[in-house]
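Now for the letters of each chain:
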Amino acid sequence: MTLNASDKVFVKERLERAREIMLRYPDSRSALLPLLHELQDAAGYVTQSGMREIADLLGITPAEVLGTASFYTMFKLEPIGDHLVSVCTSLSCQLYGADVLYRNLLAHFAVANKKTTADGVFTFEEVECAAACGGAPCLQIDYKYFEFLDPEKAVELLEDVRNRGLSIVHEERGSVNAPLPPLTPEEVSKGPAPVGSGPLSETAREEGHG
Amino acid sequence: MPENDTLSTVPISLDGREVQASPGQLLIAAAEEAGVYIPRFCWHPRLRPVAMCRMCLVEVEGMRGLQPACYVPVKEGMEVRTQTPLVKKVQEGVLEFLLLNHPLDCPVCDRGGECPLQDHTMSFGPGESRFVEEKRHFEKPVPINNLVLLDRERCIQCARCTRFASDVAGDPLLEFASRGNDLQVTVFPDEPFSSYFSGNVVQICPVGALTSIPYRFKARPWDVTIAETTCGGCAVGCRGALSETRNRLIRFLGVDNDAVSWGWLCDKGRFAYEYVGSENRLTVPLFREETAAADAFSEVSWAEAVERIAEQIQEVKGAGGNIAAIGGARLTNEEAYSLSKFMRVVCGTNDVDCQLDDGLPADFVAGARNRAVINDFAKASVIVLAGPDLKEELPVLYLRVRDAVVNQGVPLFVIGPPQSGLTDFAKKVFDTPAAFDPVLLPIAGDVVLIVGRQSAAQDAEAQSTWALGLSEQLGERVKLLPILRRSNVHGAIDMGLSPSLLPGRVTVDDLEARERLAQVWEGEFPPDPGRDCREILDAAVEGKIDILFVVGADPLTDFPDPVMARRALERTSFVVVLDLFPSSATRFADVVLPAAGWGEVSGTVTNLEGRVQRVAAKVTAPGQAASDAQVFREIAEHLEVDFGCGTPEATLREIAQVAPAYQGVSLSRFRGKKGKEGVLVGEGRVAPRTSSPFEKDARPLGNGFRLHVGRAFWDRGTLVSECPSLSGLRPGPIVRVHPEDLAFAGITDGSSVRVLDEDPAGRLDLLRTVVADERVPLGTVSVPHNQDEPFVIRVGATVTLERID
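From a predicted model like this one, the values you see are computed outputs, not experimental measurements. (Residues numbered from 1 in each chain as written. Chains lettered and ligands numbered in written order. Predicted model: local features only at pLDDT ≥ 70, side-chain atom pairs only at ≥ 80, totals over all residues. Heavy atoms only, no water.)

Chemist: Sorry if this is basic, but what is going on with the domain arrangement of chain A here?
Modeler: How large an interface is tends to be reported as the accessible area lost when its parts come together. Taken domain by domain, chain A holds domain 1 (12–71) and domain 2 (83–173). Relative to domain 2 of chain A, the C-alpha centre of domain 1 of chain A lies at a distance of 30 Å. (Domains from an automatic or database assignment.)

This is the structure:
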């Protein structure tokens, strides 16, 4: 990001855009969420000085801005790395070993949950259901989907992103790029597999999720 | 909270018993009125319900699941069960849940012993927890301002504090941040909860999450004794409970009073009890030795002090000299009455004034007809405020006006200079009274007209004349509320501490009143009005005042011309100062008498509505300090005047006997449910005088700015200065100017300027830091009073700003 923490965010075109956004609502304070998005897009995260600017624009207190911004986990109140890696650990992904996948990722990059790697490239976070249960386990990099992963593939994927950049990698292997083969009529008549019999059942059982 | 206007009640079944309740009333309140307590944490009768804590769940026939009693309105025939096994099981579950993260550090928590969470756990809780995991941790405690600490580990997220901050105080600086397990109350970093009402969140917190710094670790509830009393901080008269331990005042809590304060207090009212126990209190009578150096006082006994003052009075009276008294707004009604009687009966003069030329004409304050009370605000069709900045001067009155305007939708018209609190909610703001056009008022309904002195540089008589003119123009539907600021000043005026008034809202020439007084008062006093404060000081400067009593007042700070006040005190041969603390006036005194004050003297006070309420004595005054009433009585008796008024109770009986507007006021009327709201005094027989109305264009033709001198909530006043927790909070020597005026004058925000009176004879020359403030009207310079050295304020003054580079 080219902005410094102390730079004003809402100036020139961005200020104009902010005013235009405010005009869309009968009560200008309704523009709080869109303005927080503008701020995060511009500064990389929701800065304190930016929240003060929004408070001034909307005629509310900075505490009210903070109260709203901190409610939404996708607003980042701390600086984050170049890429945000969001690993889903909700039910479907967890059944497919997301816990192991995530722990493995953190160990590989020597970083803790919600923290940024030493080189500043990745910030990791665990998220609730990313709505890609059909591609479990999945993760998002800057909200771009990568599905049907396993611990090794995930590490390899992130190393690839670090080396070649997100857009190329996403183009090549993003989203639904490795669907499971369709179910055979036999499998359909058998019904769903019992819990714990999935591809990662061994690990899952070891981890006590069986 | 909206009052329930429904007069009819309907039957509901409460635990199998039929009780009457008002339809629309919340179930939790209806049950409480019927004697059934439903446990709660988040519900507070003066806050909007949110049903967050789930503690008040009850069974309601025909409604699915359990219902939060704080959120369900009463309906006819409703069947409610509050004691069933299911309800009890749920209460246990809710408490177990609320205690999951609660640290249970009760032994080191200020709230311990009076904590709703503790009490509810004992009464409704399961007794043990199944939670074995680690509780969440936060840094504890963190200050949210200079007076309040926040311990997030103890918080149960009831949102009482956040609702108070945003809905009641209008200072939404306290908010919930994050959610789920991380949910926490917070202020914005580097933006403290700078509200004048911050102490209220400590009082309404149902756990020990918010504690006050002045009270922290001072006492346990079982170590204190408590008395209900009336706050003496300003003229609103909020009710509160005063705690004492080992003869020291340690806490003041608001007590709900529907007529006045609703249980709220401002921070000055709440924490200013500290001054009572200050080390700097005057404790012995002091006499200036004639030969000694300027400030050489020697201690004397009370007997000697009384004797020497009595001798002086006798001597001066014998020689036909003049005796006068200024001050008295700090006194109780009984003390003020004693002073009033003393000046008339013993000194034979009407030269008394409890106002220091900084208020309104006393005949207007005492004589206004068709008066409003605070509870009229919410019912009015319009509120017109032509007064000082209520948030700064009469903070809880501000809360009540704000509630009427913001929560009840009553339109507000503000006339005059900056209002830190109410300008933002006004339907329209007028620069000067002359600019206000009553045609703008909606035709139907009552108009509440709140009138006060907006600025020390404003012509008070013009203000009252304008108000009388307006109420005449609008007729019967105008209800007037004249407001003064200082403590019991309304009571003091009612007790006759005004040159033209006698006790009970009658004029000094009122024959009937004089006749009645003659039966009780032995002594002659003139039928003509005496000198007011300015005239007394004027006469003193000319050497025409021989004895001047200065009673709980400091003319060198509060009189608009401190230079003249100083000269007056210097040239008066015998100055007697009765006060709690040494002040700039005591430096010029011949006798300094240590007075007992708030919390030390019992009696009654009268608020700005004319509502008489009781004050309680909770501690004994330090050293030899004594009630002012006792001093005047002793001097009178030394001069062989049968003064009476031996106790506050006897004095009140005498007041009720001789003061027309106070007829029927007696201690018995303060008892019972009705008596909790005090006693409204009756109308007197004062016809307010009128003078020249405002000049059409109040703005002079020169280049100068109109000078506005208003009060700031925190100032250098003695009482605030003597409170360690409060003395550092004042804004300091600043001047507020509209940013456009600043730009035009080429002055930048935050720079230093000289404020000079345009009139060379004006003698105003101040060094101030500029603060740009859009609420200051164009062409006005607003200087908060008493932030720095006192300065000369000329009525109608215009000033220039000079940049200092």
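Chemist: Help me out: how do you make sense of the nonpolar core in this one?
Modeler: General note: in soluble globular proteins, nonpolar side chains tend to be found buried as a group. All names here are of chain B. Judged by nonpolar contacts, the single largest core of 98 residues is most densely connected at F377 and I383. With residues near it in sequence (within four places) discarded, I383 still touches F377, V401, A404, V405, V410, P411, L412, F413, V448 and I450. Ranked by size, the runner-up nonpolar core spans 89 residues in total, among them M343, V451, L593 and I655. (Core = buried A, V, L, I, M, F, W, Y, C linked by side-chain atoms within 4.5 Å. Buried < 20%, exposed > 50% of the residue type's maximum accessible area, 1.4 Å probe, protein only. Contact = heavy atoms within 4.5 Å.)

Chemist: Explain helix α4 (residues 160–168) of chain B to me, please; I cannot follow it from the model alone.
Modeler: Helical geometry note: an α-helix holds 3.6 residues per turn, so side chains three or four residues apart project in the same direction. All names here are of chain B. Across the nine residues that make up α4, a large majority, seven, are buried. Taken as a whole, α4 has its buried residues at R160, C161, T162, R163, F164, A165 and V168. Of the residues one or two after α4, G170 is the one with positive phi, at around 75°. (Helix = DSSP H or I, 4+ residues; strand = E, 2+ residues; numbered from the N terminus.)

Chemist: Would you explain unusual backbone geometry in this entry?
Modeler: The general pattern is negative phi for most residues beyond glycine and trans for most peptide bonds. Residue and element names in this part refer to chain A. The amide bond that connects A136 to the next residue, P137, takes the cis arrangement and shows omega of -10°. Topologically, P137 is positioned in the loop between β2 (122–127) and β3 (139–141). Positive phi is not limited to glycine here, since F148 has a value of about 55°. Mapping F148 onto the fold places it in the loop between β4 (144–146) and α7 (151–164).

Chemist: I tried to follow the pairing of strand β35 (residues 780–784) of chain B on my own but got confused; where do I start?
Modeler: All names here are of chain B. β35 sits mainly inside the fold: five of its five residues count as buried. Both faces of β35 are covered, namely the face carrying T780, S782 and P784 and the face carrying V781 and V783. Judged from the five bridges that link them, strand β31 (residues 705–710) and β35 form a sheet pairing that is parallel. Across the sheet, residue R706 finds its bridge partner in β35, namely T780. Looking at chain direction, strand β32 (residues 734–737) and β35 are connected through two bridges and run antiparallel. Bridge pairing links R736 to S782 in β35. (Pairing = 2+ DSSP bridges.)

Chemist: Sorry, what's going on with the pattern of salt bridges here?
Modeler: Close approach of charged atoms lets side chains of opposite charge pair. Residues and elements named next belong to chain B. Taken as a whole, this structure holds 56 salt bridges over all chains when the rule is applied. Here R308 makes a salt bridge to E304, at a shortest N to O gap of 2.9 Å. A residue pair is termed a helical-turn pair when its members lie 3 or 4 positions apart in one helix, as R308 and E304 do in helix α7 (residues 302–318) at four residues. The partner of R736 in a salt bridge is D773, and the shortest N-O contact between them spans 3.5 Å. On the criterion of sequence distance, the pair formed by R736 in strand β32 and D773 in the loop between β34 (765–772) and β35 is long-range, its members being 37 residues apart. The exposure class assigned to D773 is buried, which follows from its relative accessible area of 13%. (Salt bridge = Lys/Arg side-chain N within 4 Å of Asp/Glu carboxyl O.)

Chemist: I would appreciate a short explanation of the sheet that holds strand β1 (residues 83–88) of chain A in the present structure.
Modeler: Strands belonging to one sheet form pairs held by backbone hydrogen bonds; the direction of such a pair is parallel or antiparallel. All names here are of chain A. Taken in spatial order, the four strands make up an open sheet running β2-β1-β3-β4, and their pairing is mixed. The open sheet terminates on both sides in strands that have one partner only, identified here as β2 and β4. Going from strand to strand, the sheet's axes swing by 25° on average, the running direction of each strand aside. Across six bridges, the pairing between β1 and β2 is parallel. Bridging across to β2, L84 finds its partner in T123. Strands in contact with helix α8 (residues 166–173) are β1, β3 and β4; relative to β4, the strand with the most contacts, it is inclined by about 50°. (Axes fitted to C-alpha atoms, helices over the stretch in contact; angles between N-to-C directions.)

Chemist: Just checking my understanding: could you explain helix α19 (residues 648–658) of chain B for this structure?
Modeler: All of the buried residues along α19(B) are B:T651, B:L652, B:E654, B:I655, B:A656 and B:V658. Here the buried face of α19(B) lies against α8 (333–346), α14 (511–520) and β28 (603–606) of chain B.

Chemist: Sorry if this is basic, but what is going on with the packing of α8(B) against α19(B) here?
Modeler: The relative placement of two packed helices comes down to the angle between their axes together with the axis-to-axis distance. All names here are of chain B. Packing of α8 against α19 leaves a shortest axis separation of 9 Å and a crossing angle of 65°. Overall, the two elements α8 and α19 adopt an arrangement that is roughly perpendicular. Of the two possible hands of crossing, α8 and α19 adopt the one that is left-handed. Residue-level contacts link N333, E334, Y337, S338 and K341 of α8 to P648, T651, L652, E654, I655 and V658 of α19. Looking at the contact of α8 with α19 residue by residue, the classes come out as five nonpolar, three polar and three charged. (Parallel < 35°, antiparallel > 145°, perpendicular 65-115°, else oblique. Left-handed = near helix turned anticlockwise from the far one by under 90°. Nonpolar A, V, L, I, M, F, W, Y, C, P; charged D, E, K, R; others polar.)

Chemist: For this particular structure, what's the right way to read the packing of helix α2 (residues 32–43) of chain A against helix α3 (residues 48–58) of chain A?
Modeler: Residues and elements named next belong to chain A. The interhelical angle for the contact between α2 and α3, taken along N-to-C directions, is 145°, at an axis separation of 10 Å. Between α2 and α3 the crossing geometry is right-handed. Touching L32, L35, L36 and L39 of α2 are G50, M51, I54, L57 and L58, all from α3. A breakdown of the residues in the contact of α2 with α3 according to their chemical character gives eight nonpolar, one polar and no charged.

Chemist: Is there a simple way to explain the interface of chain A and chain B in this structure?
Modeler: Across the boundary between the two partners, chain A contributes 12 residues, which contact 14 residues of chain B. For the pair chain A and chain B, the summed buried area comes to about 1,200 Å², and 61% of that belongs to carbon and sulfur atoms. If you look at where chain A meets chain B, you find one salt bridge. One salt bridge connects B:E191 with A:R52, and the closest N-O pair in it is separated by 2.7 Å. Our count for the chain A to chain B interface comes out at five residue pairs in polar contact (both at pLDDT 80 or more). Of all the secondary-structure elements, those providing two or more residues to the side of chain A that touches chain B are α3 and α4 (62–69) of chain A. Per element, the largest residue contribution to the side of chain A that touches chain B is five residues, and it comes from α4(A). Per-class residue counts for the side of chain A that touches chain B are five nonpolar, five polar and two charged. (Buried area = accessible area lost by both parts, 1.4 Å probe. Polar contact = N/O pair within 3.5 Å; in protein donor to acceptor, adjacent residues only side chain to side chain.)

Chemist: Can you walk me through the environment of B:D805 in this structure?
Modeler: One can find B:D805 in the segment after β36 (798–803). With relative accessibility at 82%, the residue B:D805 sits in the exposed group.

Chemist: What am I meant to see in the sheet that holds β28(B) here?
Modeler: Residue and element names in this part refer to chain B. If you trace the three strands from one edge of the open sheet to the other, you get β28-β29-β30, paired in antiparallel fashion. Across the chains shown, the open sheet's two edge strands, defined by having one partner strand only, are β28 and β30 (679–680). As paired elements, β28 and strand β29 (residues 611–615) share four bridges and run antiparallel to each other. Opposite G603, over in β29, you have V615 as the bridge partner. Of the strands in this sheet, β28 and β29 touch α8, which is tilted by about 85° from β28.

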